[in-house]
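Residue-level structure breakdown
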Amino acid sequence: MLAFQLGETVMMKSKDNLNSAEVPHRYSRQVLFAGIGAEGQVALSASSVALVGCGALGTFQASLLVRAGVGSVRLIDRDFVEESNLQRQILFDEQDVRELLPKAVAAERKLRQVNSLVKVEGVVADVNPSTIDRLLAGADLILDATDNFEARFLLNDYSVKHSIPWVYGACVGAEGLTFAILPRETPCLRCVFESAPAAGVSPTCDTAGVIGPVVGCVASLQVSEALKILAGHRALVNRRITRIDLWGNRLACVDLPPRNPECACCGRRDFSYLEGAMGSEATTLCGRNSIQINRRDGAKLDLAALASRLAPLAKLEGNRFLLKIAVDEYQLTVFPDGRAVISGTTDPGVAKSIYARYVGV
Amino acid sequence: MIYLDHAATSFPKPERVFRAMDDFARTSAANPGRGGHHRATEAEAMVEDTRRLLARLFCFSKPERIVFTLNATDALNMAIKGVLKPGDHVITSVLEHNSVSRPLNRLAADGVITLTRLEVGSDHRIDPGDVARAFTPATRLVAITQVSNVTGTIQPVEAIGKIVRDKNALLLVDAAQSAGVIPITMGAACIDLLAFTGHKALLGPTGTGGLVVGERANVMPWREGGTGGDTSSPVHPGAYPHRLEGGTPNVMGLAGLREGIRLILERGVESILPCERRLLAVFQGALKDAGRFHWYGADKTISEQGGEGRVGLVTLNLPGFAPAELAAILDGQFDIAVRAGLHCAPYAHGHLGTFPDGAVRISLGWQTTEEDMKTAAAAFNEISGVA
């Protein structure tokens, strides 16, 4: 604590040719931390990070990264700010909800006020096989702030293919999970999870809820790994998976399985998510305003189980052939073979996101 | 799997069609008209033979005026854009597929033509009297379907053809749903332009189709290039069929189409419709409560008139299920393929009152059996039981 009390007069340690005067004073406390130092700070300010998702995890991550002075931060999200986001998505406020702002736009606006030295770019877009190259171009590191496995497998394919590190992060309820993926060095997401969990059985934040603290914890862990990588301390990256349960008072680091030489992604370099051969398939239905989602993983849905999970959240109606779920202005009709018809949108991205939130992928 | 989406494309194709394509690809698939070696001449002979078979099918004496296209949409665009001039008036109907409506709508929106879209009555047929009344001195083209892909009703093409001929205009008929299902006589029906597809009832592969250009019509080419023969000419040849056929044709596809047409001719095109109507009656008879469904006018024609005036295609809805839901249940839980939605014919659904959600279409084909229809009816019974 004593060091911090030195306050404004702190001297920055210079290494090599770095001139401490070049490091803006606003980062003084971070530069004082030996792990970063002036050299690390300069490296941070020369880095570019892409955040895929700008919800709970994304807003926490973005706030930390922009304050830390990462040179360029791109926030990608296709959703709009809703009232139910405010409980945990720290960059948004009631005005954003009233203005119906896209999350990427609202976040960019806030973050520009936080640190004008950082190039903050909010992009309202859906990350999918046809957009990912454009959206992630130039990123030195990717942070996972998505809410579904399909998107993560896509990020994983991109990361492994282009050798760009990414940090997985997920939370639901009071539990969270995170680990960093360093292509060619550490196991990739598909070495750890060969395929997505079964449809309709995994809790999501929209079905099982989530508390703010666990989001902050996971996002902080992810950003810590990001800072290590970007500040030039790759060797210090945690090679284990961190698991937290804030309600059950458990915090654990568990060994990852070894890299799988037969892994479809990093072993065989079969980037099927990136090529669009995997993941769900959205078809615009002939007729107005509805999209059909087809799963390609052959997963079956237990409609009764899904109904009991969703009962407290949405108006449900159904029979043994289908389950109709009314949420906001949309209606999801899901079928036992995993397909769904989403009415109320013509945007495949919106339909996929609703499917991910309520059924899960 | 029970496939009841033959109006979209016939599936599977007859084994003979697969074999014909395979044999042709292995033995003769050279570039027709582009060489004197025997493989090239064989390919050319096959293409010309296909034209002759089509001419026989459509009772048309000028096979050289049958032009191969990618599909019916391609043929319709070729005809519409190849005959219309600025200031022309066109008569069409609400029953048309987008492949007719959209090119016409575009020309009308661009101010090139004026357009009259005729409503139809509760029998889902164009009234020839309405066609006559819609004529103006500028009317150049009447563009109608022979069989609606939504209602399945057969249009009075012959009666309309006589009116059009009297008025000295051209009749363009969209035969996507009729070629290979009902006998078509170019001359007797006064058809000037007939657009067909190869992959539906003609049992050929996708990527095949054509435009039959009657002698009164002259279609301006919109695709010029290599045709083989007369290569020294600086411009595209004016004679049919090459006038409208630039580039290497889809010989593989045509080899399959030829076999499909042979099959239809062997079976006799006039025998197909009675068979389809009987199957529709079996389906309706096997339903526990046919009255629960919305039949869009088809129930009475099937039960009381033996399906007279329609093909083996019926569009219906089951109250309590959106069309897409019903189709998804049939596919996912009963392995029955049907087509839900607007069937690329939004005006037809507007006429039926089923726009924008559409309806579920059941369409039969060459391989459909009574057993299939009973199984499908049982699935509908089961689903309607929980509605």
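Residues numbered from 1 in each chain as written. Chains lettered and ligands numbered in written order. Predicted model: local features only at pLDDT ≥ 70, side-chain atom pairs only at ≥ 80, totals over all residues.

1. Describing the overall build of chain A
The secondary structure content of chain A amounts to 13 helices and 14 strands. Taken over C-alpha atoms, the radius of gyration comes to 21 Å for chain A, in line with the 21 Å a tight globule of 361 residues would show. Dimensions along the principal axes, computed over C-alpha positions, put chain A at roughly 70 × 50 × 40 Å. Burial statistics for chain A: of 361 residues in total, 46% are counted as buried. When contacts within chain A are restricted to residue pairs at least 6 apart in sequence, long-range pairs at least 24 apart make up 64% of them. (Helix = DSSP H or I, 4+ residues; strand = E, 2+ residues; numbered from the N terminus. Rg over C-alpha atoms; globule rule 2.2 N^0.38 Å. Buried ≥ 20, exposed ≤ 12 C-beta atoms within 10 Å, placed from the backbone. Contact = placed C-beta atoms within 7 Å.)

2. Regarding the overall build of chain B
Broken down by element type, chain B carries 12 helices and 12 strands. Principal-axis analysis of the C-alpha atoms gives chain B an extent of 70 × 55 × 35 Å. A total of 387 residues make up chain B; the buried ones form 51% of that total. A separation of at least 24 residues holds for 71% of the contacts in chain B among residues at least 6 apart in sequence.

3. With respect to unusual backbone geometry
Residues and elements named next belong to chain B. For the peptide bond that leads from Y240 to P241, omega is 0°, which places it in the cis range. Among the structural elements, P241 can be located in the loop between β8 (209-213) and α7 (251-267). For the peptide bond that leads from F355 to P356, omega is 5°, which places it in the cis range. Note that P356 resides in the loop between α11 (346-352) and β12 (359-363). At C59, a residue that is not glycine, the phi angle is positive and equals roughly 50°.

4. So, helix α1 (residues 15-27) of chain B
Residues lying three or four places apart along an α-helix face the same way, a consequence of the helix completing one turn every 3.6 residues. With 13 residues, α1(B) extends 18 Å from end C-alpha to end C-alpha; this agrees with the ideal 18 Å at 1.5 Å per step. In this structure, the buried residues of α1(B) make contact with α2 (38-57) and α7 of chain B. (Expected span 1.5 Å × (residues − 1).)

5. Looking at the sheet that holds strand β12 (residues 323-327) of chain A
Taken in spatial order, the 6 strands of this open sheet run β9-β10-β14-β13-β12-β11 (chain A), and their pairing is antiparallel. The sheet terminates laterally at β9 (281-284) and β11 (315-318) of chain A, the two strands that pair on one side only. Neighbour-to-neighbour, the strand axes of the sheet open up by a mean angle of 20°, direction not taken into account. Relative to strand β10 (residues 290-294) of chain A, β9(A) runs antiparallel, the two sharing 4 bridges. When the sheet's bridge partners are listed, A:A282 is paired in β10(A) with A:I293. Packed onto the sheet, helix α13 (residues 348-358) of chain A meets β9, β10, β12, β13 (330-334) and β14 (340-343) of chain A and runs at close to 55° relative to β10(A). Where helix α10 (residues 323-334) of chain B meets the sheet, its contacts fall on β10, β13 and β14 of chain A, and the angle it forms with β14(A) comes to roughly 175°. (Pairing = 2+ DSSP bridges. Axes fitted to C-alpha atoms, helices over the stretch in contact; angles between N-to-C directions.)

6. Quick notes on the domain arrangement of chain A
All names here are of chain A. As assigned here, chain A comprises domain 1 (47-255) and domain 2 (281-358). In this assembly, 15 residues from domain 1 lie in contact with 16 residues from domain 2. Of the residues belonging to the side of domain 1 that touches domain 2, the class tally is 4 nonpolar, 6 polar and 5 charged. (Domains from an automatic or database assignment. Nonpolar A, V, L, I, M, F, W, Y, C, P; charged D, E, K, R; others polar.)

7. Concerning the domain arrangement of chain B
Residue and element names in this part refer to chain B. As assigned here, chain B comprises domain 1 (2-10 + 270-386) and domain 2 (15-35 + 43-267). The C-alpha-based centres of domain 1 and domain 2 are spaced at 27 Å. With 26 residues of domain 1 in contact, the opposing surface of domain 2 contributes 30 residues. At the level of elements, α8 (272-286), β9 (313-316) and α11 are the ones that each hand at least two residues to the side of domain 1 that touches domain 2.

8. Focus on the pairing of strand β5 (residues 166-172) of chain A
Residues and elements named next belong to chain A. Taking burial as the measure, the 7 residues of β5 include 6 buried ones, the bulk of the element. Pairing of strand β4 (residues 141-144) with β5 involves 2 bridges; the strand directions are parallel. Bridge assignment links I142 to a residue of β5, and that residue is W166. Taking the sense of rotation as the criterion, the β-α-β connection linking β4, helix α8 (residues 149-162) and β5 turns out right-handed. When β5 meets strand β6 (residues 175-181), the two strands line up antiparallel, connected through 7 bridges. What sits directly across from V167, in β6, is A180. Taking the residues that link successive antiparallel strands as the turn, the β5-β6 hairpin has 2 residues, and the phi of G173 there is positive, at about 65°. (Right-handed = clockwise from strand over helix to strand, strands pointing away.)

9. Description of the sheet that holds strand β7 (residues 240-245) of chain A
Residues and elements named next belong to chain A. Ordered by their spatial adjacency, 8 strands build an open sheet running β3-β2-β1-β4-β5-β6-β7-β8, and the pairing between neighbours is mixed. A single partner strand is all that each edge strand has here, and the edge strands are β3 (119-124) and β8 (250-255). The sheet shows a mean angle of 15° between the axes of neighbouring strands, taken without regard to direction. Across the sheet, helix α6 (residues 103-114) is in contact with β2 (72-77) and β3; its angle to β3 comes to roughly 165°.

10. Focus: the environment of A:F271
All names here are of chain A. Within the fold, F271 resides in the loop between β8 and β9. Taking the number of C-beta atoms within 10 Å as the measure of exposure, F271 has 21 and is therefore buried. Linking F271 and L117, residues 154 residues apart in sequence, is a C-alpha distance of 36 Å. Setting aside residues up to four positions removed in sequence, F271 forms contacts with D157, K161 and C265.

11. Concerning the nonpolar core
In terms of nonpolar packing, the biggest core is built from 219 residues, with A:L51, B:A79 and B:L194 touching the most fellow members. A per-element tally of this core places helix α11 (residues 212-230) of chain A first, with 11 residues. Dropping the residues within four chain positions of it, B:A79 is found in contact with B:L172, B:L193, B:A195, B:L211 and B:V219. (Core = buried A, V, L, I, M, F, W, Y, C linked by C-beta atoms within 7 Å.)

12. Thoughts on the packing of helix α4 (residues 56-68) of chain A against α6(A)
Residues and elements named next belong to chain A. Two elements in contact, α4 and α6, have axes separated by 10 Å at closest approach and are oriented at 25°. Classed by the angle they form, the pair α4 and α6 counts as roughly parallel. Of the two elements, α4 crosses α6, and the hand of that crossing is right-handed. Where α4 abuts α6, its residues T59, A62, V66 and R67 lie against A107, L111 and V114. Classifying every residue of the contact of α4 with α6 by side-chain character gives 5 nonpolar, 1 polar and 1 charged. (Parallel < 35°, antiparallel > 145°, perpendicular 65-115°, else oblique. Left-handed = near helix turned anticlockwise from the far one by under 90°.)

13. A look at the confidence of the model for chain A
Looking at chain A as a whole, the pLDDT averages 89, with 93% of positions reaching at least 70. A low-confidence stretch, residues 1-17 of chain A (pLDDT under 50), is modelled with 17 contacts involving residues beyond four sequence positions or located in other chains. (pLDDT = per-residue confidence, 0-100.)

14. Brief notes about α13(A)
Regarding α13(A), the residues found buried are A:A351, A:K352, A:S353, A:I354, A:Y355, A:A356 and A:Y358. Positive backbone phi, at 95°, marks A:G360, one or two positions downstream of α13(A).

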